[in-house]
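Each chain, letter by letter, is given below.
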Amino acid sequence: MLLVAILIGALVLAACGGSSDSEPTTASGNTGDPGSTPAPSDTAPGSSDLDGPIVFADFGWDSAYFHNRVAQFILEHGYGYETTSVPGETVPLTQGMIRGDVHVATEFWADQNPPFLEAVEEGTILDLGTNYGESVQGFYVPTYVIEGDPERGIEPMAPDLKSVEDLPKYKDLFQDPEDPSKGRFYDCIAGWECEQVNAAKFAAYGLDEHYNRFLPGSATALASSLVAAYEKGEPWFGYYWGPTWIFGLLDLTKIEEPPYSDECWENILEGNEACAYPDVQVRIGVNAEFAEKAPDVVEFLENYETTFDQTSAALLYMHDNEAEPEEAAIWFLKEYEEQWTQWVPEDVAAKVRDALASS
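What counts as what
Residues numbered from 1 in each chain as written. Predicted model: local features only at pLDDT ≥ 70, side-chain atom pairs only at ≥ 80, totals over all residues. Heavy atoms only, no water. Helix = DSSP H or I, 4+ residues; strand = E, 2+ residues; numbered from the N terminus. Buried < 20%, exposed > 50% of the residue type's maximum accessible area, 1.4 Å probe, protein only. Contact = heavy atoms within 4.5 Å. Areas by Shrake-Rupley, 256 points an atom, 1.4 Å probe, with all protein chains shown as cover. Salt bridge = Lys/Arg side-chain N within 4 Å of Asp/Glu carboxyl O. Phe/Tyr/Trp six-rings, centres within 6.5 Å; stacked < 30°, edge-to-face > 60°. Lys NZ or Arg CZ within 6 Å of the ring centre and 35° of its normal. 1 Å grid on protein atoms, 1.4 Å probe; cavity = no way out; pocket = protein on both sides within 12 Å on 5 of 7 lines; lining within 4 Å. Points joined across faces, edges and corners; volume = space filled by probe spheres on them. Nonpolar A, V, L, I, M, F, W, Y, C, P; charged D, E, K, R; others polar. Core = buried A, V, L, I, M, F, W, Y, C linked by side-chain atoms within 4.5 Å. Disulfide = S-S within 2.5 Å. Expected span 1.5 Å × (residues − 1).

Draft legend 1. Seen up close, the overall build of the protein. In terms of helices and strands, the protein carries 14 helices and 13 strands. By the burial criterion, 53% of the 359 residues in the protein qualify as buried. When contacts within the protein are restricted to residue pairs at least 6 apart in sequence, long-range pairs at least 24 apart make up 73% of them. By element, 45% of the accessible surface of the protein is carried by carbon and sulfur atoms, the whole surface being about 15000 Å².

As structure tokens, then:
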């Protein structure tokens, strides 16, 4: 869930950032579409000019760990490569990839990582395409608040709630127990960039007249408040982001805001104008010199593509089973065999299946 910690201008926002109408140019024009099984590479699996292991960038959030471990398992057991990973924050690891100390990152939140975009432009990092299409963040309520849940005997509580313009009339529904005259909004984590963004949004939308922003002490506390309300079928209104295990577990509906624009986002902290958070494409990147030495790895990573829902499901597996990213990777490879076998030649897939059988 540390995703959010890098978004919005390297912000936390592990979930925020600007997005563009077009995707960055990839090394071969391949956007990672796994629609067909690739033919065997001319380069024999595991053969390359590498002097040591393939080094993965372990950015500090669970989905990055998970995707790295999936790719590492396939490269080790299917291609015969040795791999390792280096933990760190986004900017230093990006610089490490530019230098060639780090070879692969499976989760570049591209639009809020200017050094990555600059390196792609300069050709020191190759953008190999989309891992999963978008991250999300914004203001959410449990879907049953709007639609009800007949199976649980829950009637719709706010059937007309669609946008931020509707929120003032529902302040009593989301009543703040410490200040009954206003509603409660469960905000972003104190100290994260999104806290400042949400404060500016509340001012621009006039919501600060009707709601108090409650700042949780941690991501765990925010998740706990949501899950506790959800299990009881109670109203809850707050900020969340994804992919996280929460989206693998709960059915949430995003409150509509004015559409994102670059101009709005550049001025949003002034509090005069506000708009929706951008949805950020999550990209796969490799060091350009490394790519020349390991073309079979590049071919595999160009085909590597998952979805928001699959990533959230893997994070939910980690949460529910107190599992490590390595365990979630094995779970994913067993659960989604039909998908990942489209990323690699059949002889590689056979070796991975053999390794999974003994895992």
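Draft legend 2. Up close: the pattern of salt bridges. Applying the stated criterion to the full structure yields eleven salt bridges. The closest approach of N and O atoms between Asp101 and Arg99, which form a salt bridge, is 2.8 Å. Through salt bridges with shared partners, one network takes in Asp58, Arg69 and Glu326.

Draft legend 3. Region of interest: the packing of aromatic side chains. Across all of its chains, the model carries 31 aromatic pairs by this definition. Following the ring pairs from residue to residue traces out a cluster consisting of Phe66, Tyr79, Phe300, Tyr304, Tyr317, Trp331, Phe332, Tyr336 and Trp343. The positively charged end of Arg184 is found above the aromatic ring belonging to Phe214, 4.1 Å away from the centroid. The lysine or arginine in question, Lys201, covers the ring of Phe139, its NZ or CZ lying 5.3 Å from the ring centre.

Draft legend 4. Layout of the layout of surface pockets. The calculated volume of the largest pocket comes to roughly 160 Å³. Forming the walls of the largest pocket are Leu173, Phe174, Gln175, Pro177, Arg184, Tyr186, Ser225, Ala229, Glu234, Pro235, Trp236 and Phe237. Those elements that provide at least two residues to the lining of the largest pocket are β9 (179-186) and α6 (219-232). Here the residues of the lining of the largest pocket sort into eight nonpolar, two polar and two charged.

Draft legend 5. View of the nonpolar core. Membership of the largest hydrophobic core comes to 88 residues, with the highest contact counts inside it found for Ile74, Phe237, Tyr240 and Phe300. Beyond its immediate stretch of four places on either side in the chain, Phe237 contacts Phe139, Tyr140, Val141, Leu167, Phe174, Arg184, Phe185, Tyr186, Phe202, Tyr211 and Ile255.

Draft legend 6. Examining the state of the cysteines more closely. Inspection of every chain in the model, using the stated rule, returns two disulfides. Paired by a disulfide, Cys188 and Cys194 hold their sulfur atoms 1.8 Å apart. Sulfur-sulfur distance for the disulfide between Cys264 and Cys275 comes to 2.3 Å. Taking the sign of the S-S torsion, about -110 degrees here, the bridge from Cys264 to Cys275 comes out left-handed. Of the two residues, Cys264 is situated in helix α8 (residues 262-266) and Cys275 in the loop between α8 and β13 (282-287); the sequence distance between them amounts to eleven residues. Looking at Cys264, the relative accessible area reads 1%, which means it is buried. Taking only the cysteines that form disulfides and numbering them from first to last, the protein has the pattern 1-2, 3-4.

Draft legend 7. The arrangement of the environment of Gly133 in detail. For Gly133, the location among the structural elements is in the loop between β6 (125-132) and β7 (136-142). Between the C-alpha atoms of Gly133 and Val280, which are 147 residues apart in sequence, the distance is 7.8 Å.

Draft legend 8. Just α6, in detail. Across its 14 residues, α6 extends 20 Å between first and last C-alpha, which sits within 8% of the 20 Å expected from 1.5 Å per residue. For α6, the complete set of buried residues consists of Ala219, Leu222, Ala223, Ser225, Leu226, Val227, Ala229 and Tyr230. Elements in contact with the buried residues of α6: β7, α4 (143-147), β9, β11 (238-242), α7 (245-249) and β12 (252-254). Positioned one or two residues after α6, Gly233 has a phi angle of 70 degrees, which is positive.

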